[in-house]
Structures are given as structure tokens and as C-alpha cells.
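So the chains spell out like this:
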Amino acid sequence: MRFEIDAAALPLRMPWKKGITVGRAYELLREDLLGHLRKAQAEIGFKYCRFHGLFHDDMAVVHRKPDGTIVYQWHHVDKVFDALLAMGLKPFVELNPMPSALASGTQKMFFYQMNVTPPKDYKEWEELNYEFAAHCAARYGIDEVRSWYFEVWNEPNLGGFWSGTQAEYFELYRAAAHGIRRVDPGLRVGGPASSKASWISDFIDYCSKNEVPIDFVSTHLYPQDEYVEFPEPGTSPHAPGTFFRHTVRRTQVEIEASVYPELEVHWTEWNAMSADSGASVHWLDNPTNDNLYAASFIAENCLALDDAADSFFFWVVSDVFEEAGFPLSPFSCTYGLLTVHGIPKASYNAFRLLSRLRGSRMEPVEGTKLGTGHTLVATREASATHVLLCNHKPLEVAQQPELKETVSVPAHGPGEHVVVLERIRVGSGSAWETWVRMGRPQEISIAQERLLRQHAEPEMSCLKLPAREGSVSFDVVVGPNEVVYAEVRALGASSVGKGSGAAESALWDKLMGEKSR
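Note that the coordinates shown come from a computational prediction; the quantities given were computed from them, not determined experimentally.

A word on the overall build of the protein. For the protein, the count of helices and strands is 13 helices and 23 strands. What you see for the protein is a C-alpha radius of gyration of 26 Å, in line with the 24 Å of a compact globule of 517 residues. Principal-axis analysis of the C-alpha atoms places the extent of the protein at approximately 90 × 70 × 50 Å. Burial statistics for the protein: of 517 residues in total, 56% are counted as buried. Counting contacts in the protein only where the partners sit at least 6 residues apart, residues at least 24 apart contribute 76% of the total. Carbon together with sulfur atoms contributes 52% to the accessible area of the protein, which is approximately 21,600 Å² in total. When the 50 positive and 67 negative side-chain charges of the protein are each reduced to one mean point, those points stand 6 Å apart.

Next up on the list: a nonpolar patch on the surface. Together, Leu507, Trp508, Leu511 and Met512 make up a nonpolar patch on the protein surface, roughly 460 Å² of accessible area in all. Mapped onto the fold, Leu511 is located in helix H13 (residues 502–512).

This part takes up the pattern of salt bridges. The tally for this structure, following the rule as stated, stands at 37 salt bridges. Salt-bridge contacts for Glu43 lead to Lys39; the nearest nitrogen and oxygen are separated by 3.3 Å. With Glu43 and Lys39 both in helix H1 (residues 31–43) and four residues apart, this pair spans about one turn of that helix. Looking at Lys39, the relative accessible area reads 27%, which means it is partly exposed. We note a salt bridge from Arg50 to Glu94, for which the minimum N-O separation is 2.9 Å. One end of the pair, Arg50, is in strand E3 (residues 48–52); the other, Glu94, is in strand E6 (residues 90–95), and 44 residues separate them in sequence. Residue Glu94 is classed as buried on the basis of its relative accessible area, which comes to 1%. Among the ionic contacts, a cluster of salt bridges with common partners joins Arg24, Glu27, Asp58 and Glu322.

Counting 108 residues, the largest nonpolar core has Phe51, Phe81, Phe132, Phe150, Tyr169, Tyr173 and Phe351 as the members making the most contacts within it. In terms of nonpolar packing, the next biggest core, distinct from the first, is built from 21 residues, Met362, Val419, Val478 and Val488 among them.

Turning our attention to the packing of aromatic side chains. On inspection of all chains with the given rule, the structure shows 44 aromatic pairs. Summarising the aromatic geometry, the rings of Phe170 and Phe203 are spaced 6.2 Å apart at their centres and angled 40° between planes, so their arrangement reads as tilted. Highlighted residues: Phe170 in helix H5 (residues 166–183) and Phe203 in helix H6 (residues 200–210), separated in sequence by 33 residues. Using a relative accessible area of 0% as the deciding quantity, one classes Phe203 as buried. Members of the aromatic cluster, joined through ring pairs, are Phe55, Tyr72, Trp74, Phe81, Trp125, Phe132, Tyr140, Trp148, Phe150, Trp153 and Trp162.

All buried positions along H6 are accounted for by Ile200, Phe203, Ile204, Tyr206 and Cys207. Summarising the axial view, the buried residues of H6 lie within an arc of 160°, below the 170-degree limit, and thus occupy one face. If you follow the buried residues of H6, they end up packed against H5, strand E10 (188–195), strand E11 (216–220) and helix H8 (243–256).

About the thresholds
Residues numbered from 1 in each chain as written. Predicted model: local features only at pLDDT ≥ 70, side-chain atom pairs only at ≥ 80, totals over all residues. Heavy atoms only, no water. Helix = DSSP H or I, 4+ residues; strand = E, 2+ residues; numbered from the N terminus. Rg over C-alpha atoms; globule rule 2.2 N^0.38 Å. Buried < 20%, exposed > 50% of the residue type's maximum accessible area, 1.4 Å probe, protein only. Contact = heavy atoms within 4.5 Å. Areas by Shrake-Rupley, 256 points an atom, 1.4 Å probe, with all protein chains shown as cover. Lys, Arg positive; Asp, Glu negative; His and termini not counted. Charge placed at Lys NZ, Arg CZ, Asp CG, Glu CD. Patch = residues over 30% accessible without salt bridge, like charges linked within 9 Å, V, L, I, M, F, W, Y side chains within 5 Å. Salt bridge = Lys/Arg side-chain N within 4 Å of Asp/Glu carboxyl O. Core = buried A, V, L, I, M, F, W, Y, C linked by side-chain atoms within 4.5 Å. Phe/Tyr/Trp six-rings, centres within 6.5 Å; stacked < 30°, edge-to-face > 60°. Arc of directions from axis to C-beta.

What follows is the structure, given as C-alpha cells:
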């Protein structure tokens, strides 16, 4: 595939860099989780962080006094937001769950038991949101808080996350939105934070007809949702591997056709968790969270959907995550990009490589048509060209051919160039398979952990190639589910060693080499 420079080309939008997630607010009081976020910030760099449970009882926000009056305290909330802001992450605030002091019932979700019932009094819920936003504005300044997002609830279209009706959710949203906007009309509020791109048109229509504030739409999608929707074999209308991006594109069209076509669109949960039938849908024990498969799914879809939304928040950054209780083994098929030990998974490495696609996108002008699941993208800065190739094999596909390409890019001047290659493959950038070969140990020794960390790093190599007729060309072979990154730079000046000249170096050799007196 030959690429050329396009003067009108723009950089990739990278909506996946807009945000990352963790499980719940209380987990952000843990130093190990904060360390995992710092690592991701240093090596990838996200802008916002989203999580459940801000108003959970373990955050101790709401208290009802014996006389029935309500008081608030924000100590834990402040610690969480202070920690995020200190590492360059803004809150994408998820307003939930229902504090026990305000709840109408006792239905709860997850190991940590978050209350999912409507409030007894929607006015009290509105006041909680007002007091919370007012506190944030007082602590961090209204200009800072205007740059945040306030998202009402999580997946209210699923009975496990919201015991009320759609109409009751809309009332919940109205009360929260009015509470937030009472603090400042510039604060951004939205929803419905639904599963499977549901309720979007209904939500927009409700806000429009009832003059309820709405600044963005948020929703969620996982690739195995295909077989939640179409569990019977052969009933899905989507070709293998296309459900996720087809659904994202369909939702984009749906919003553009609404009464508010300019609304921002935020996918505030997604990951690579996949299935190949209704019988293989697993939310707690799905190896596609941990193995090589995740790398190519992430790379393919982040590139294919670069213009399809304002954000994609990967769920989640770390296996320090307690929805089903704390993970009990080094790899546990939990959703994180990093294991509980902080070992990068193939999914993490995919984002590391994607983040290197700096500069303007280049235009492919010559070459064979790429096969299904094959992706090739190049970007260019003044001093370097960046290329990413991936070969995604959907679970439904028995065999996936190798991606074999000769990549040709414009040279960065005459003379020789250096091409650095970085590959995510089994045992190099994907350590899950190594852990499996170890016998899936419950506990890992120091030596085993060192090996896993070594195998978690992508394979690297370099080529020194001449520029011919203004181009640099190199061959790449990408196996099923592998991802390869290449950086092309002109060969720089040779090393000069230390600053000393030849005469001074010779004198040092003489003086330092004298026999002792």
C-alpha cells in the first residue's frame, strides 16, 4: 500500500482518548488503582474519567437527621476529584446511585450493593444534585466545573440498574438536570446512559417537549450485545464482526435526524468483550477481556469509528474492580486494561500504539484492496511517519488470512531511514496466554510475575532502509488478531560519544592508566 501526503488532511480525532473509566468512586480511594490510572495517563493520556457510585452510602454523602432534615458531606468526593484532577483527568460525573437516606426501596446491584430505586421525593433528589454541583463550583471554580459533564444514572433501561419505569427515569433526569443547572446555566447535563443504544429518541423527545435541559446523549455498547439481542443462531442481521460499528453508525444517524441533531454523542461504556452465540455470552468470565483478541478489536474499531462520536469511554482501566467482588487471580477475565498487579493486557497495548498515530492522516493511493478484518492507517508529522496495521479475527470466523503488505510512505529527506516496528502478539504484548501455559496459577511467584511482565511488552525490532525515488518501503506480515505499529524517521547524525576531543581522550587514557606510585 502506497501513501502520499494530503495537504488537506486532518489528524485523527481519537474520540477514545476523550475518556477512561473505573468501577466506582470508592475504589478511587485505593492507591493501587490510582497508580494504574497514573500509568495510563503517562503512556496513553485520557481527558475524562467516569465511574459508578458517587452517591453510594460508602461515600457518606447524604445523612438524614432525627428531625428529618438532610445534611451533606463531601470529604470522600473531594479526595476522589482532587486525585483525578492532579493527574490531568476531569470528572465525567455519573450521578448515581440512590443514597439510602433518599431511596424509596431496597433493591440493590453488584457486590458493593448500590441502591437502584427511585427517590422517595424527587425534590430531595434535585436538592442533592444542586448541593453537589454548588460544592464543586465553590471548591474548583465555576470555569473548571463548566468543562465537566454530568450524566444522570447508569443503564436505566435494564431492570438491574433501575427499578423504576422509563417515565420515572425521565422524572429522575428532569430533577437532576434542574438541580445542576440551578448552580450555573453553563453546566453540561445529559443521558440516558442506556445499554445497547436504547431509549435515545424517546429521551430526546421527552427533553424537547418538556423543555428539560439536555447537552449531550450518552449510551453504552458491548460487542456481545449482538447475541443478547439475537440469541438464536443465524438470527443476527450483521455480518461477523460488524455489529459494533453498525450500531454506533446507526445511532449517529438517529441523533442527527432528531430535533437536536447537534447534540454531542458519548459512548460512556464499551470494551472488546465478545461472544459468537447467545450461549457464549458471559459478563463475568469472558477471556476476550484478557487475551490477544482484544487488541485487534480495539484497534480496528477505534480507527473505523474515528468520526462517529465525541467520545468512547473504555470500561475499565484496571482489574481493581469490585462489581462481582475483588478479582482472585492474576488474570481473571475482568474488564481492566491492566491486571490487579498492573500488568498490561493486549487491550492496553492496543491503546498505547493507537496513541502514537500523531500528525495528519495520510491518503492511500495505490495497493491491493484490504481483506475483511484488515486495517492499515498512516499519519505524518514533520519528522516521522506513523503506521498501524491490524488483522482482526471475529470469534464467528474459523480462519483469518494473514495481512501481508508492502507499505510505502514518502521519505523524510534523502538517504537512509530507520523503521522501528512494534508488534502485539501472543507472548509479546499479550501475557494472558503465558499465564495459561503456566497452568493458570492462583498466586504467582516473583519469577513468574517478571516473566508475565516481560511477555506483556510488545515485540520490537528495527530496520535501516534507503529512500528510493522519494519513498521508503518495508514489508509487514500481521497474523490473526495481531497489531503492528511502525515509526519511520530519517537516519539522524551518528553518535558523538562524549564531548572530549581525541587529544583529551588520549590524555585521559594515559593518566588513568598509570601504575600506582
